[in-house]
Amino acid sequence: MMNLPSKVSICEVGLRDGLQNEKVLLTTDQKLEFLRGFIDAGYPVIEVGSFMHPKKVPQMADTDELFKRIGEVPEGVELRALIPNVRGVQRAIDCGCKKVKLNVSASRMHNLKNLNRTPEESVAGFADCVKAANENNIAISGSISMPFASPWEGRTPVEDVDAIIEAYLKVGINEISLSDASGMAVPNQVYDLCKHVREKYHDATWWLHFHNTRGVAIANIIAAMEAGMTQFDSSFGGLGGCPFVPGAAGNISSEDVIHMMDEMGIETGIDLVKVMALSRTLPEIVGHALDSYVLKAGRSKDLIASQSE
Ligand code: ZN
């Protein structure tokens, strides 16, 4: 029998990773409506936006505003935002954001070329963010992008991933996200790396973030669950494109993940019908079709009901 969890946590990243890769700029009102919808649908975690420089990522310029306007959220709901540096922690403090996430690329080549430092050196530099977050009661997590493979180096050596994880643990960050931003991971590799990090780092908790660039994301989620992982990012409507391949599919769609979990008897606590209703409004807003199977085909349950009428 497959070794599957009875319950998983899903983080909705459409408002951040999804919209960041869309040309259309949504109004703050539109984002707020989606955010309220996600909370109402039962998401335990939602990535609201990022505190990058507004000139660099104009789609996320109103993240502070969103946090201010949403205000207090129900108990058990976590809203998080991506930050580039300690300036991001300050913006989180100022707008009432209680959870921030840093990111580093696992590609040594990419890091050395763009930042002139190794990924571990980048992570060591996050110590000031951790200090500022701790002093202000803000939870802090870290992401490793392309821990499976990168467009620059191909397969990422496990030793490189280990070095970054150890650097994160050293600065006091133990919630770590493994993010297949380039959509190059495959299930057996996902299984092996997940198993490896779970066995080696008992103090860490993990998130898995898969892009469906090559149609393998849902298989990667299964492989990660088999290795004991229970926390996954997804994006409503499969929003999110691929930062490296124009026109390619985006993040794994939330509908597809929640539907699969529902059908397998794995609890998410999320109301799929409510998520689908939100995603259906997207094509008109973003101006293109979405990469979401369940949104096109409907739920398996609906098909059975309509046949038996
Ligand atoms: Zn992503």
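Above this text sits the structure in question.
*Asks:* Mind showing me how you'd approach the overall build of the protein here?
*Replies:* For the protein, the helix and strand inventory stands at 15 helices and 10 strands. Relative to the compact-globule value of 19 Å for 309 residues, the protein shows a C-alpha radius of gyration of 19 Å, a close match. With the C-alpha coordinates of the protein rotated into their principal frame, the extents come out at 65 × 45 × 40 Å. Per-residue burial over the protein gives 54% buried out of 309 residues. Pairs at least 24 residues apart make up 75% of the contacts formed inside the protein by residues separated by at least 6 positions. When the accessible surface of the protein is totalled, it reaches about 13,700 Å², and 51% of it is carbon and sulfur. The centroid of the 30 positive side-chain charges in the protein is displaced by 5 Å from the centroid of its 40 negative side-chain charges.

*Asks:* Just to check I follow, could you spell out the pattern of salt bridges for this structure?
*Replies:* Oppositely charged side chains may form a pair once their charged atoms are brought near each other. Scanning all chains against the criterion turns up 17 salt bridges. The partner of Arg16 in a salt bridge is Glu47, and the shortest N-O contact between them spans 2.7 Å. Of this pair, Arg16 sits in helix 1 (residues 14-20) while Glu47 is found in strand 2 (residues 45-50), placing the two residues 31 residues apart along the sequence. Owing to a relative accessible area of 0%, Glu47 belongs among the buried residues under this scheme. Note that Asp160 is salt-bridged to Arg108, the shortest N-O span being 3.7 Å. In this pair, Asp160 is assigned in helix 8 (residues 158-171) and Arg108 in helix 5 (residues 108-115), connecting sequence segments 52 residues apart. Each of the salt bridges in this network shares a partner with another, and the network as a whole consists of Arg16, Asp17, Glu47, Arg80, Lys101 and Asp233.

*Asks:* I'm lost on unusual backbone geometry in this one. Help?
*Replies:* Negative phi characterises most residues that are not glycine, and trans characterises most peptide bonds. Backbone geometry at Asn116 places phi at a positive 60°, although glycine is not the residue there. Residue class for Asn116 comes out exposed when judged on its relative accessible area of 68%. For Asn137, which is not glycine, the phi dihedral falls at a positive 60°. Topologically, Asn137 is positioned in the loop between helix 7 (127-135) and strand 5 (139-145). Asn137 sits in the exposed class, given a relative accessible area of 67%.

*Asks:* Explain the environment of Ala227 to me, please; I cannot follow it from the model alone.
*Replies:* Relative to the helices and strands, Ala227 resides in the loop between helix 10 (217-226) and strand 10 (231-234). Relative accessible area serves as the criterion here: at 2%, Ala227 is assigned to the buried category. Along the backbone, Ala227 and Leu272 are 45 residues apart, and their C-alpha atoms lie at a distance of 25 Å. Beyond its immediate chain neighbours, meaning those up to four positions away, Ala227 contacts Tyr191, Cys194, Lys195 and Arg198.

*Asks:* It is not clear to me how helix 12 (residues 272-280) should be interpreted in this structure. Could you clarify?
*Replies:* In an α-helix, one full turn covers 3.6 residues, which means residues spaced three or four apart are oriented alike. All buried positions along helix 12 are accounted for by Leu272, Val275, Met276, Leu278 and Ser279. The buried residues of helix 12 occupy an angular sector of 160° when the element is viewed end-on, so they sit on one face. Elements that come into contact with the buried residues of helix 12 comprise helix 2 (28-41), helix 11 (254-264), helix 13 (282-286) and helix 14 (293-297). One side-chain oxygen of the residue at the start of helix 12 lies 3.0 Å from the amide nitrogen of Val273, identifying that residue as Asp271.

*Asks:* Explanation requested: the sheet that holds strand 8 (residues 175-180) in the structure shown.
*Replies:* What links the strands of a sheet is backbone hydrogen bonding, and the strands pair in either a parallel or an antiparallel sense. Pairing within the closed barrel is parallel, and its eight strands lie in the order 1-2-3-4-5-8-9-10. Adjacent strand axes in the sheet meet at a mean angle of 30° when their direction is disregarded. Across seven bridges, the pairing between strand 4 (residues 99-105) and strand 5 is parallel. Across the sheet, residue Ser105 finds its bridge partner in strand 5, namely Ser145.

*Asks:* Can you walk me through helix 8 in this structure?
*Replies:* When the terminal C-alpha atoms of helix 8 are compared, their 20 Å separation across 14 residues agrees well with the 20 Å that a helix rising 1.5 Å per residue should span. Just past helix 8, the residue Gly172 takes up positive phi, approximately 95°.

Thresholds, definitions, all that
Within every chain, residues take consecutive numbers counted from 1 along the sequence as written. In keeping with the model being predicted, local features are shown solely for residues with a pLDDT of at least 70 and side-chain atom pairs are shown and tallied solely at 80 or more, while totals for entire chains, interfaces and linings include all residues. Processing note: side-chain calculations cover all non-hydrogen atoms of the structure and skip hydrogens and water entirely. We count a stretch as a helix when DSSP gives it H or I for four or more residues in a row; a strand needs E for two or more, and each element gets its number in order from the N terminus. Each radius of gyration reported is based on C-alpha atoms, and the globular scaling rule is 2.2 Å times the count of residues to the power 0.38. Buried, partly exposed and exposed residues are distinguished by accessible area as a fraction of the type maximum, computed with a 1.4 Å probe on protein chains only: under 20%, between the cut-offs, and over 50%, respectively. We call two residues in contact whenever any of their non-hydrogen atoms come within 4.5 Å of each other. We get accessible surface area from the Shrake-Rupley algorithm with a probe of 1.4 Å; when it comes to residues, only the shown protein chains can shield them. Asp and Glu count as negative and Lys and Arg as positive, but His and the ends of the chain are not part of the count. Charge placement uses NZ in Lys and CZ in Arg. For Asp and Glu, CG and CD serve respectively. We define a salt bridge as a side-chain nitrogen of Lys or Arg found within 4 Å of a carboxyl oxygen belonging to Asp or Glu. In this description, one arc is meant: the one made by directions from the helix axis to the C-beta atoms. For the purposes of these results, a polar contact is taken to be a pair of N or O atoms within 3.5 Å, where, inside protein, one atom must be able to donate a hydrogen and its partner to accept one; residues adjacent in sequence count only when each atom of the pair is a side-chain atom. Here, a strand pair is defined by DSSP locating no fewer than two bridges between the strands. Only the stretch in contact is used when fitting a helix axis, every axis being a line fitted to C-alpha atoms; angles between N-to-C directions are given from 0 to 180 degrees. An expected span of 1.5 Å times one less than the residue number is assigned to each helix.

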